[in-house]
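Working through the structure, step by step
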There are 2 protein chains.
Amino acid sequence: MSDISYPKGVKPFVTKPTSKSPKKKKTSLLGFGNRGMDFESAINDANLYYQEKNLAVITKRPTPINIVKVDYTKGATITQAYFETQSTTDYNGVYDGHYIDFEAKSTRNKTSFPLANIPPQQIAHLERVIEHKGWAFFLIHFSLRNEVFLLPASYVIDFYKSRPRASIPYEEIVEHARPIKEGFHPRYDYLPEAIKEFDKK
Amino acid sequence: MSDISYPKGVKPFVTKPTSKSPKKKKTSLLGFGNRGMDFESAINDANLYYQEKNLAVITKRPTPINIVKVDYTKGATITQAYFETQSTTDYNGVYDGHYIDFEAKSTRNKTSFPLANIPPQQIAHLERVIEHKGWAFFLIHFSLRNEVFLLPASYVIDFYKSRPRASIPYEEIVEHARPIKEGFHPRYDYLPEAIKEFDKK
């Protein structure tokens, strides 16, 4: 995990795997744990690669922040603000005119992907995206297995609706998802698998 | 301008037209001036309408914030952070599978739209979107004329490249853009004009 090159302009604000456990716990509650951040950086890296190679334009939505106080005497310094939950997904963009929308999730669980960390508004957003013919999926990272899968959002939504609060077993993911092989650059080249999954031309 | 109903969940953090001119100046430098915010709210309102009527999924990218300090003793309060420039555009989404990407700009200028307030990285982003067959445009609000136009990004990019730092004369915008008639709800119903402009089916 240590050989990730951070793409230019991407500054993770929790930088190093720290051993200060109380802080670490807080950050992972917010979704900024190092594990997730490493995977996020790898996806940002892939997106930068797609942009440089002129293959697609896929960007990460900034984390929404609720700003309470701004100090204009210090050149517009935000002095009180809070993290908000993303009401959509983290990533969207365009490939060959097609709208792409996905969420990248990392889990330390080896045997299943817990649905508890997908907020209901993300499910609702992805349902709307599917209805409007967008390409909607999850990239699921099993960090302890060092495996990544592209799982169509339609499958996750069906699972979510029939068995809320459950986990999707690893075996079912293997059956319904496309594996993203690990490479050198980009590390997780997910776009070709998305094209195979969704491009019906 | 006072009859705008703010869409649910949209909390402009500069709320009222204030007469404190120094502050006002600072905020409008950041793009959070009230005039711009009113127009932005009207566009958010239209997007909420499209979502409710199941016509499209178009969302605003959150303002990117560079977070410097977080106080975890107060439940993850951000205590030092700075506004960053959006490296893309403010809005993107999907209509009938098509990728949509646009920027909404408001100007008090009556005779032209100054290109100085379009950062170069936005031009570069919109060029890439066009190359990947996305629908790319600007919504331009002449606040003193109370008129809104949908201007294809391709036209703005050509203009920008041939005459950098200039302004696009109002007459040329009238000639090359589609007017968005003002209505009641949504106030600026821009989607039908985007469909007329870009949907080549």
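Every value quoted in this text rests on a predicted model; they were computed, and no experiment measured them.

Conventions used here
Residues numbered from 1 in each chain as written. Chains lettered and ligands numbered in written order. Predicted model: local features only at pLDDT ≥ 70, side-chain atom pairs only at ≥ 80, totals over all residues. Heavy atoms only, no water. Helix = DSSP H or I, 4+ residues; strand = E, 2+ residues; numbered from the N terminus. Buried < 20%, exposed > 50% of the residue type's maximum accessible area, 1.4 Å probe, protein only. Contact = heavy atoms within 4.5 Å. Areas by Shrake-Rupley, 256 points an atom, 1.4 Å probe, with all protein chains shown as cover. Phe/Tyr/Trp six-rings, centres within 6.5 Å; stacked < 30°, edge-to-face > 60°. Lys NZ or Arg CZ within 6 Å of the ring centre and 35° of its normal. Buried area = accessible area lost by both parts, 1.4 Å probe. Salt bridge = Lys/Arg side-chain N within 4 Å of Asp/Glu carboxyl O. Expected span 1.5 Å × (residues − 1). Arc of directions from axis to C-beta. Least-squares fit on C-alpha atoms with pLDDT ≥ 70 in both. Pairing = 2+ DSSP bridges. Axes fitted to C-alpha atoms, helices over the stretch in contact; angles between N-to-C directions. Parallel < 35°, antiparallel > 145°, perpendicular 65-115°, else oblique. Left-handed = near helix turned anticlockwise from the far one by under 90°. Nonpolar A, V, L, I, M, F, W, Y, C, P; charged D, E, K, R; others polar.

Concerning the overall build of chain A
From N to C terminus, chain A includes six helices and ten strands. Looking at chain A as a whole, 51% of its 201 residues are labelled buried. A fraction of 64% describes how many contacts in chain A between residues 6 or more apart in sequence connect residues 24 or more apart. Total accessible area on chain A stands at roughly 9,800 Å², and carbon and sulfur atoms take up 52% of it.

With respect to the packing of aromatic side chains
In the structure shown here, the tally under the stated rule is 29 aromatic pairs over all chains. Taking 6.0 Å as the distance between ring centres and 80 degrees as the angle between the ring planes, the aromatic pair formed by phenylalanine 149 of chain B and tyrosine 170 of chain B counts as edge-to-face. Within this pair, whereas phenylalanine 149 of chain B is found in strand β8 (residues 147-152), its partner tyrosine 170 of chain B is found in helix α5 (residues 170-176), the two being separated by 21 residues in sequence. With relative accessibility at 11%, the residue tyrosine 170 of chain B sits in the buried group. An aromatic cluster of at least three residues, connected via ring pairs, comprises Tyr49, Tyr50, Tyr91, Tyr95, Phe102, Trp135, Phe137, Tyr190 and Phe198 of chain A. Between arginine 145 of chain B and the ring centre of tyrosine 170 of chain B, over which it is positioned, the NZ or CZ distance is 3.5 Å.

Details of the interface of chain A and chain B
On the chain B side, the residues contacting the 47 residues of chain A number 48 residues. Note on chain A versus chain B: buried area summed over both sides is about 4,000 Å², and carbon and sulfur give 61% of it. Considering only the surface of chain A that becomes buried against chain B, Tyr72, Ile78 and His132 of chain A emerge as the three largest contributors, covering 18% of it. Taken together, the links from chain A to chain B amount to two salt bridges. Here lysine 133 of chain A makes a salt bridge to aspartate 96 of chain B, at a shortest N to O gap of 2.6 Å.

Quick notes on helix α4 (residues 153-162) of chain A
Taken together, the buried positions of α4 of chain A are occupied by Ala153, Tyr155, Val156, Ile157, Phe159 and Tyr160 of chain A. Considering only its buried residues, α4 of chain A is in contact with α3 (120-131), β7 (135-142), β8 (147-152), β9 (167-169) and α5 (170-176) of chain A.

With respect to the environment of glutamate 175 of chain A
By the element assignment, glutamate 175 of chain A lies in helix α5. With 111 residues separating them along the chain, glutamate 175 of chain A and proline 64 of chain A place their C-alpha atoms 34 Å apart.

Considering the pattern of salt bridges
In total, this model carries 18 salt bridges over all chains according to the counting rule given. For glutamate 197 of chain B, the salt bridge is made with arginine 178 of chain B, and the minimal N-O distance between the two is 2.7 Å. Separated by 19 residues along the polypeptide, glutamate 197 of chain B in helix α6 (residues 191-198) and arginine 178 of chain B in strand β10 (residues 178-180) bring together distant segments of the chain. Among the charged side chains, a salt-bridge network with shared partners connects Arg178, Glu193, Lys196 and Glu197 of chain A.

With respect to helix α3 (residues 120-131) of chain B
Between its first and last C-alpha atoms α3 of chain B spans 17 Å; for twelve residues at 1.5 Å apiece the expected length is 16 Å, and the two agree. For α3 of chain B, the set of buried residues is Gln122, Ile123, His125, Leu126 and Val129 of chain B. All buried residues of α3 of chain B project into a common sector of 165 degrees when viewed along the axis, lining one side. Along α3 of chain B, exposed side chains directed more than 90 degrees from the buried face belong to Pro120 and Glu131 of chain B. Lining the buried residues of α3 of chain B we find β1 (57-60) of chain A together with β5 (98-107), β7 (135-142) and α4 (153-162) of chain B. Positive backbone phi, at 65 degrees, marks lysine 133 of chain B, one or two positions downstream of α3 of chain B.

Focus on the relation of the copies chain A and chain B
With an RMSD of 0.1 Å, the operation that places chain A on chain B is a rotation of 180 degrees combined with a shift of 0.0 Å along the axis. Given the turn and translation reported, the copies of this chain are related as if by a two-fold rotation axis. The overlap is high: 100% of the interface residues of chain A also sit at the interface in chain B, so the same surface is used on both sides.

What about the pairing of strand β4 (residues 91-95) of chain B?
All names here are of chain B. Across the five residues that make up β4, a large majority, five, are buried. Across the two faces of β4 the burial is the same, with Tyr91, Gly93 and Tyr95 and Asn92 and Val94 all buried. Examined bridge by bridge, strand β1 (residues 57-60) and β4 share four bridges and lie antiparallel to one another. Each bridged residue has a counterpart across the sheet, and for lysine 60 the counterpart in β4 is tyrosine 91. As paired strands, β4 and β5 are joined by five bridges and run antiparallel to one another. In the strand pairing of β5, tyrosine 95 is matched with histidine 98. Linking two consecutive strands that pair antiparallel, namely β4 and β5, is a turn of two residues; a positive phi of about 50 degrees is found at aspartate 96 within it.

Observations regarding the sheet that holds strand β3 (residues 77-83) of chain B
Reading across from one edge, β2(A)-β3(A)-β3(B)-β2(B) is the order of the four strands in this open sheet, with antiparallel pairing throughout. Across the chains shown, the open sheet's two edge strands, defined by having one partner strand only, are β2 (65-71) of chain A together with β2 (65-71) of chain B. The average angle at which neighbouring strand axes cross in this sheet is 35 degrees, direction not considered. Of the strand pairs in this sheet, β2 of chain B and β3 of chain B are connected by six bridges, and their pairing is antiparallel.

What about the packing of α3 of chain B against α4 of chain B?
Residues and elements named next belong to chain B. Where α3 meets α4, the closest approach of the two axes is 10 Å, and the angle between their N-to-C directions is 130 degrees. Between α3 and α4, the angle is such that the two are oblique. In this structure, the crossing between α3 and α4 has a hand that is left-handed. Of the residues in α4, those touching α3 at Pro120, Ile123, Leu126, Glu127 and Ile130 are Ala153, Ser154, Val156, Ile157, Tyr160 and Lys161. Taken together, the residues that form the contact of α3 with α4 break down as eight nonpolar, one polar and two charged.

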